[in-house]
Amino acid sequence: MNGLSDELDTRKKRRADIINVFLSIVIVLLVAVIVTLIFFITPMTVSGQSMYPTYDSGDRILLSKVGYSLNRGDIIVFKIPGNDKPPVKRVIGLPGDVIHFDIDTMDYTVNGKPLDDYATTYGYSVNYFMQSEPAVYVELTTTGITVGENQLFVLGDNRNDSNDSHVYGCIDRDWVVGKVILHY
């Protein structure tokens, strides 16, 4: 009888050990997911139509907050001081680039070459520069804006419905919250 009791105790101990290992793994994974979401990756909901048709208002995106490089065409989220809603825009100009808007052709150039355009095919409205800061408008349509050392030039894909660098000029690189890595 004593042997049977010892065998049952051993089985119970093994079961308890397996449950403890399983719970430990679950806790470690849960902590890893929470740390990743807080420090490295964050989900966000797109607000507004400025990136249509790439993203529609209400679409969900996932941002990488660290360890990414930025290239022309990348989509980023950034904070503008004094604005609670971080905009989602496409990087058009990197430090040193000259961005010019040709009034005659109604097109952008980057360093003298036509922009690989991600914009919708609606074309630019007559009122495209209506909201622009006067200095931004003049520089963008004459000599072109030279993107500063720690700056980016960003535009929404739905250009006529986007409050972006054509309105307020270049943004500081430090304002970038993250780079979009997934649309779901």
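Structural data are supplied above this passage.
It should be emphasised that the depicted structure is a prediction, and the values quoted were computed from it without experimental measurement. (Residues numbered from 1 in each chain as written. Predicted model: local features only at pLDDT ≥ 70, side-chain atom pairs only at ≥ 80, totals over all residues. Heavy atoms only, no water.)

(A) Focus on helix 2 (residues 134-141). Burial in helix 2 covers these residues: Val136, Leu140 and Thr141. Burial along helix 2 is one-sided: seen end-on, the buried residues are contained in an arc of 110 degrees. In helix 2, the exposed residues that point more than 90 degrees away from the buried face are Pro134 and Ala135. (Buried < 20%, exposed > 50% of the residue type's maximum accessible area, 1.4 Å probe, protein only. Helix = DSSP H or I, 4+ residues; strand = E, 2+ residues; numbered from the N terminus. Arc of directions from axis to C-beta.)

(B) Just the pairing of strand 5 (residues 98-102), in detail. Both strand 5 and strand 8 (residues 145-146) contribute to a ladder of two bridges, which runs antiparallel. Counterpart to Ile99 in the pairing with strand 8 is Ile145. In terms of strand pairing, strand 5 meets strand 6 (residues 107-110) through four bridges, oriented antiparallel. The residue bridging His100 from the neighbouring strand is Thr109, located in strand 6. Connecting strand 5 to the next strand, strand 6, in antiparallel fashion are four residues, including Met106 with a positive phi near 55 degrees. (Pairing = 2+ DSSP bridges.)

All quantities given are derived from atomic positions and should not be read as evidence of function.
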